[in-house]
Amino acid sequence: MVLSEGLNNHPGVTKPLSLAGPSEADLIRNKELEKFLEDAGLHETKEEAFKRQQVLARIREIVVVWVKQLTRLRGYTDQMVEDANAVIFTFGSYRLGVHGPGADIDTLCVGPSYVNREEDFFFILHNSLEEIEEVTELQPVPDAHVPVMKFKFDGISIDLLYASVSRLVVPDDLDISDVSVLYDVDEPTVRSLNGCRVADQILKLVPNVEHFRTTLRCLKYWAKKRGVYSNVTGFLGGVNWALLVARVSQLYPNAIPSMLVSRFFRVYTQWRWPNPVMLCAIEEDELGFSIWDPRRNPRDRTHHMPIITPAYPCMNSSYNVSTSTLRVMTEQFQFGNKICEEIELKKSQWSALFEPYLFFESYKNYLEVDIVAADVDDLRAWKGWVESRLRQLTLMIERDTYGKLQCHPYPHEYADSLKQCSHSAFFMGLQRKEGEVIQEGQQFDIRGTVDEFRHSVNMYVFWKPGMEISVSHVRRRQLPSYVFPEGYKRSRPPRQHNEQSSPVNEGCRSGSVGRQPRKRKDSDAANVQGSPEKRQCSASPQKRDSLSPEIISHVDRDASKECKSVETGRTTERAGVNGTGCAQKVEGDNGVVLGHVESEQDGMSRRVGDDGCGSNSSVVTSFTNEVGSVVNIGPASRSESSEGIPDSATGSNSRVSSHGDSCEADSDLLTSDGCITDGKVSESGSNDELEQGGFLERAIVADEIAA
């Protein structure tokens, strides 16, 4: 390994934090990490790599023929037709060299000025692709932030963008990193071009490309396992993770991947958002495109987790991140940091870092978003649209509850194989904000929020009959079996009570709560009255809080009747409604007793037809008092079973408090020196504060800085 020399020859907005190379122990851990990644199957075979190259070559042939045909149709000379050309570039994980088996290829077609995106790309080229036998699942998305055409070519997933540059002839050796390609182009074209420009800049700005690639491959795998890999849902996508890893590579230029993974969690556990992550100084140019600058652009001050692209015009690549998703990612960074510390102390193995996050054991309440369509092709388009709007639902709930009700959108989709219609479902965990004092009977009414979300979704311009959406409340014990890998919920082992108990107080909210067995009263009772009991705090991080939200749903219209399934039977069984039309449940996890569903309100309860397809619903969220309260939950979208189903307890759901010792210690070091004020980017922050990020040098413990 060639060590870097001096501090002035390193890329980045600050000097490295450490020039230290690996120790013997680091080398051993690195071999163990590389073996783990290889065993996990993160690398594609030579045959797969060769097939990708063939597919890209075939796509290039198609777009060149397309451009030549348009050149002839537009009346250009024979010489112009002969010279007409289009160039294919790649970006994303494929360009960075970190793609795995089955990954898509992000591609950009650069064409001449007279070939446009709106008609020529999304209609003429689209129609040409439809006629090609190898092309399947063709889906144009012209209204996306970055317009894209998605399809599979001979089984390889392709995301194809188009950029028309101000040239009559596009040379094969076009230098896309040159700022001249941005002359006289519109904003969507700039965004399309910048995917490739950013990828090239990242590779130029990291000190060791191979170490960067291994670390990025590792952390992308970790993010997917822990449920924080999805730009569209409000977490981070491929380019975001690449920029975060590249910055850590700059700070530790001589570190090997095992060291970089550990430093990654150490740095971002202590990072004080919304201070921006930047690989280089923000560049301004006479072209006049808007760049990320919170001092000039008020909208930029609202960004929660700025991760700035290194190519002009510099933008915040993580503008999708919300308060709720930042909270989830911060908790996962703390989890990763804790495991890496244990690995360095030989108390744990790399496999512990990648244990799946148990989303369906982390909350008591969820929003279930069911979508159905007439066939698979319609569902693919409909699902893509709904998924792109889920982030808006998170923002709407945060807005309408003033941040007191937190959402955790889970970036995985599920499907019920028992449905005969095309079906997909997404889930969001719900909890009140930690530390919020909720008065007895206080409610968060988000019926209007859900109605607004449904209205925005139903504005889909390509809507077809059969495309329906249902938003409903489901408790953890009512979760459908298809969300579990084995198709059923596994029993929890008996909980171990601490030897010493203590009264429940505000300080216990982040821990799980012990409980005593409760006796269920007769299901015909009008109310279920709980009695106060002593509970104790546990060190287990599996429970999010000691107060559980209560969600009430009613139906406003039926969904499509074209779906036929056996869902009705399962729903009825889950409902647990007795002969009087009342259902009741004791939620023992927090000593909370919930009321029942009144039979006279059955007309408002969720209608599930013979088809089993869910319908649209609205939601009210309230919070029960901590001990012995009675809450009438009114009409529910899914009435609760009085028996309940035990939750599973496998995998990893480890959480680390956001008020851990390391964060407490750093709070004094990371001062708000003009760049950050009350968690927002200050308008008056100096240029040096934004570009140099000097706060970070105070954020890492002194022994990390090279002597």
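Here the residue index of a chain counts from 1 through its sequence in written order. For this predicted model, a pLDDT threshold of at least 70 governs which residues receive local features, and a threshold of 80 or more governs which side-chain atom pairs are given and counted, while totals over whole chains, interfaces and linings are taken from all residues. Excluding hydrogens and water, the side-chain figures rest on all heavy atoms present in the structure.

Asker: Would you mind going over the overall build of the chain with me for this structure?
Answerer: Strands are runs of DSSP state E lasting at least 2 residues, helices are runs of H or I lasting at least 4, and numbering of each runs from the N terminus. When its secondary structure is counted, the chain shows 17 helices and 16 strands. Think of it in three bands: residues with accessible area under 20% of the maximum for their type are buried, residues over 50% are exposed, and the middle band is partly exposed, with areas taken using a 1.4 Å probe on protein chains only. Relative to its full complement of 707 residues, the chain shows a buried share of 55%. Roughly 30,300 Å² of accessible area belongs to the chain as shown, and the carbon and sulfur atoms make up 50% of that amount. The Shrake-Rupley method, run with a 1.4 Å probe, gives the accessible areas here. Residue values count only the displayed protein chains as cover.

Asker: In this structure, what is going on with the sheet that holds strand β7 (residues 405-409)? I would like to understand it.
Answerer: In a beta sheet, neighbouring strands are held together by backbone hydrogen bonds and run either parallel or antiparallel to one another. In space, the four strands of this open sheet follow the order β7-β8-β6-β10, with antiparallel pairing throughout. Looking at strand neighbours, the two that pair on one side only are β7 and β10 (468-475), the edges of this open sheet. Along the sheet, successive strands turn relative to each other by an average axial angle of 25°, direction set aside. Both strand β6 (residues 365-373) and strand β8 (residues 422-432) contribute to a ladder of nine bridges, which runs antiparallel. Should DSSP find at least two bridges between two strands, the strands are regarded as paired. Between the N-to-C directions of two axes lies an angle of 0 to 180 degrees, each axis being a line fitted to C-alpha atoms and, for a helix, fitted only over the stretch in contact.

Asker: Hey, could you run me through the nonpolar core in this one?
Answerer: Among soluble globular proteins, nonpolar side chains are generally buried collectively. Residues belong to a common nonpolar core when they are buried Ala, Val, Leu, Ile, Met, Phe, Trp, Tyr or Cys residues joined through side-chain atoms within 4.5 Å. Residues Leu108, Ile202, Phe212, Trp222, Trp241, Phe264 and Tyr268 are the most contacted members of the largest nonpolar core, which totals 87 residues. Within the second largest apolar cluster, 30 residues are counted, among which are Leu70, Ala86, Ile132 and Ile158.

Asker: Please explain the packing of helix α1 (residues 24-39) against helix α9 (residues 257-270) as it appears in this structure.
Answerer: In a packed pair of helices, the relevant descriptors are the angle between the two axes and the axis-to-axis distance. Closest axis-to-axis distance for the α1/α9 pair is 7 Å, and the angle between their directions is 90°. On the basis of the axis angle, α1 is roughly perpendicular to α9. Facing α1, whose interface residues are Asp26, Arg29, Asn30 and Leu33, α9 presents Pro257, Ser258, Met259 and Val261. In the scheme used here, Gly and all other residues not listed as nonpolar or charged are polar, with Ala, Val, Leu, Ile, Met, Phe, Trp, Tyr, Cys and Pro taken as nonpolar and Asp, Glu, Lys and Arg as charged. By residue class, the composition of the contact of α1 with α9 is four nonpolar, two polar and two charged. By the definition adopted for this analysis, an angle is roughly parallel if under 35 degrees, roughly antiparallel if over 145, roughly perpendicular if from 65 to 115, and oblique otherwise. The contact definition used throughout considers only heavy atoms, calling two residues in contact when any of these lie within 4.5 Å.

Asker: Help me understand the pairing of β6 in this model?
Answerer: The two faces of the sheet receive side chains in turn, since in a regular strand these alternate between them. Burial within β6 is extensive, with nine of its nine residues counted as buried. Every second residue of β6 is oriented toward a common face, with Asn365, Leu367, Val369, Ile371 and Ala373 on one face and Tyr366, Glu368, Asp370 and Val372 on the other, all of them buried. Both β6 and β10 contribute to a ladder of eight bridges, which runs antiparallel. Along β10, the bridge assignment pairs aspartate 370 with serine 470.

Asker: Please explain the pairing of strand β3 (residues 135-141) as it appears in this structure.
Answerer: With five bridges joining them, β3 and strand β4 (residues 148-153) adopt antiparallel strand pairing. Residue valine 141 lies in a different strand from β4, and its bridge partner there is valine 148.

Asker: Hey, could you run me through the packing of aromatic side chains in this one?
Answerer: When we look at a pair of aromatic rings, we describe it by the centre distance and by the angle of the planes. Stacked, edge-to-face and tilted are the three classes for Phe, Tyr and Trp ring pairs, Trp counted by its six-membered ring, which pair at centre distances within 6.5 Å; planes under 30 degrees apart are stacked, over 60 edge-to-face, the rest tilted. In total, this model carries 35 aromatic pairs according to the counting rule given. Between tyrosine 76 and tyrosine 114, the aromatic rings sit 4.6 Å apart at their centres with planes inclined by 35°, giving tilted as the arrangement. Of this pair, tyrosine 76 sits in the loop between α2 (46-73) and α3 (78-83) while tyrosine 114 sits in the loop between β2 (105-111) and α5 (117-130); the two residues are 38 residues apart in sequence, bridging distant segments of the chain. Residue classification places tyrosine 76 among the partly exposed residues on the basis of a relative accessible area of 31%. A ring is considered to have a charge above it if a Lys NZ or an Arg CZ atom is located within 6 Å of its centre and within 35 degrees of its normal. The ring of tyrosine 229 has lysine 224 sitting right over it, with the charged end atom 4.9 Å from the ring centre. Seen from the ring of tyrosine 252, arginine 263 lies directly overhead, with NZ or CZ sitting 5.9 Å from the centre.

Asker: What exactly am I supposed to notice about the confidence of the model for the chain here?
Answerer: Parts of the prediction with low pLDDT should not have their coordinates interpreted in detail. Scored from 0 to 100, pLDDT records how confident the predictor is in each individual residue. Summarising the model, the chain shows a mean pLDDT of 75, and 67% of its residues fall at 70 or more. Taken element by element, the predicted model of the chain shows its lowest mean pLDDT in strand β13 (residues 592-593) (24) and its highest in α9 (98). Note that pLDDT drops below 50 for residues 1-7; the model gives that stretch 14 contacts with residues more than four away or on any other chain. Overall, residues 564-699 carries pLDDT values under 50, and its contacts beyond four positions in sequence, including any with other chains, amount to 409 contacts.

Asker: Is there a simple way to explain the pattern of salt bridges in this structure?
Answerer: Side chains carrying opposite charge are able to pair once their charged atoms draw close together. Any carboxyl oxygen of Asp or Glu that lies within 4 Å of a side-chain nitrogen of Lys or Arg is treated as forming a salt bridge with it. For the structure shown, the criterion picks out 27 salt bridges. When the shortest N-O distance is used, the salt bridge between arginine 213 and glutamate 210 registers 3.1 Å. On the criterion of helical spacing, the pair formed by arginine 213 and glutamate 210 is a turn pair, its members being three residues apart in helix α7 (residues 209-225). Of the residues examined, arginine 213 reaches a relative accessible area of 22% and is grouped as partly exposed. With a closest N to O distance of 2.7 Å, arginine 454 and aspartate 451 form a salt bridge. Here arginine 454 pairs with aspartate 451, and both are found in helix α13 (residues 447-457), just three residues apart, close to one helical turn.

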